Amino acid sequence: MASNFGIDKQDSRSESFDGSSPALTPSQTMSPRIDPEALDVESPSYRAWKKNILLLWKTAAQNKYAHIFMHPVTDELAPGYSATVRRPIDMTTIKRKIDTNEIRTTAQFHRDMLLMFHNALMYNNASHSVYQYTVAMMTDVMEVIKAFYSSHNHTPDKHLQKSRSRAVSVASQGSQ
């Protein structure tokens, strides 16, 4: 069954011109709806997706509060962080995961960015400046990701939409 982020792998291939092996059709190669997980990392479609997602990462990394999220949080910087946050993640780790093809879909990128923001919201008190900076950066970055989905004719998975809504709701309640 096809997901919102890809096409059925069996349907995504057709015979190549010589009839010997399956190949992507030209429309599938150019389609932004192709699931990068279904593609070889050397394929033009995957390389194009990766270039675009790295531009999206760079946009997030240029946010005025990105320096807070650029490197892993240590217990020396934030006492008790490792006891509170089970799945720590930061901007540098997200970039490494893109570079090593561990992140292969827009949804995976979206998920890891949300995780990073959720971790900061969970650890920091609503009155703390890092909490406020997280809310501001998360709002900016989620708008950029939303625009990315729209420009590529994608819609976020339902669980990512719900997660984003919860984070925004929690953030807005904490700032009141």
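Calculation notes
Residues numbered from 1 in each chain as written. Predicted model: local features only at pLDDT ≥ 70, side-chain atom pairs only at ≥ 80, totals over all residues. Heavy atoms only, no water. Helix = DSSP H or I, 4+ residues; strand = E, 2+ residues; numbered from the N terminus. Expected span 1.5 Å × (residues − 1). Buried < 20%, exposed > 50% of the residue type's maximum accessible area, 1.4 Å probe, protein only. Axes fitted to C-alpha atoms, helices over the stretch in contact; angles between N-to-C directions. Parallel < 35°, antiparallel > 145°, perpendicular 65-115°, else oblique. Left-handed = near helix turned anticlockwise from the far one by under 90°. Contact = heavy atoms within 4.5 Å. Nonpolar A, V, L, I, M, F, W, Y, C, P; charged D, E, K, R; others polar. Phe/Tyr/Trp six-rings, centres within 6.5 Å; stacked < 30°, edge-to-face > 60°.

**Some details on helix α6 (residues 129-151)**
Part 1: Here α6 is 23 residues long and its end C-alpha atoms lie 33 Å apart, about the 33 Å a rise of 1.5 Å per residue gives.
Part 2: Within α6 the residues assigned to the buried category are Val130, Tyr131, Thr134, Val135, Met137, Met138, Val141, Met142, Ile145, Phe148 and Tyr149.
Part 3: Just past α6, the residue Asn153 takes up positive phi, approximately 55°.

**A short note on the packing of helix α2 (residues 44-61) against helix α5 (residues 106-123)**
Part 1: Contact geometry of α2 with α5 gives a least axis separation of 11 Å together with a crossing angle of 20°. Between α2 and α5, the interaxial angle falls into the category roughly parallel. The handedness of the crossing between α2 and α5 comes out as right-handed. Counting all contacts with α2, which are made through Trp49, Ile53, Leu56, Trp57 and Ala60, the residues of α5 involved are Thr106, Phe109 and Met113.
Part 2: For the contact of α2 with α5, the per-class residue count stands at seven nonpolar, one polar and no charged.

**Regarding the packing of α2 against helix α4 (residues 91-99)**
Part 1: Direction vectors running N to C along α2 and α4 enclose 170°, while the axes themselves pass 11 Å from each other. Relative to α4, α2 is oriented roughly antiparallel. Along the contact surface, α2 presents Lys50, Ile53, Leu54, Trp57, Ala60 and Ala61, while α4 presents Met91, Ile94, Lys95, Ile98 and Asp99.
Part 2: Taken together, the residues of the contact of α2 with α4 sort by class into eight nonpolar, no polar and three charged.

**Details of the packing of aromatic side chains**
Part 1: Using the criterion set out here, one finds four aromatic pairs in the structure.
Part 2: Relative to Trp49, the ring of Tyr46 lies with its centre 5.6 Å away and its plane at 35°, an arrangement referred to as tilted. With a gap of three residues between them, Tyr46 and Trp49 both fall in helix α2, about one helical turn apart. Both residues of the pair, Tyr46 and Trp49, count as buried.
Part 3: With a centroid separation of 5.2 Å and 65° between ring planes, the pair formed by Tyr81 and Tyr123 is classed as edge-to-face.

These values are about where atoms sit, not about what they do.
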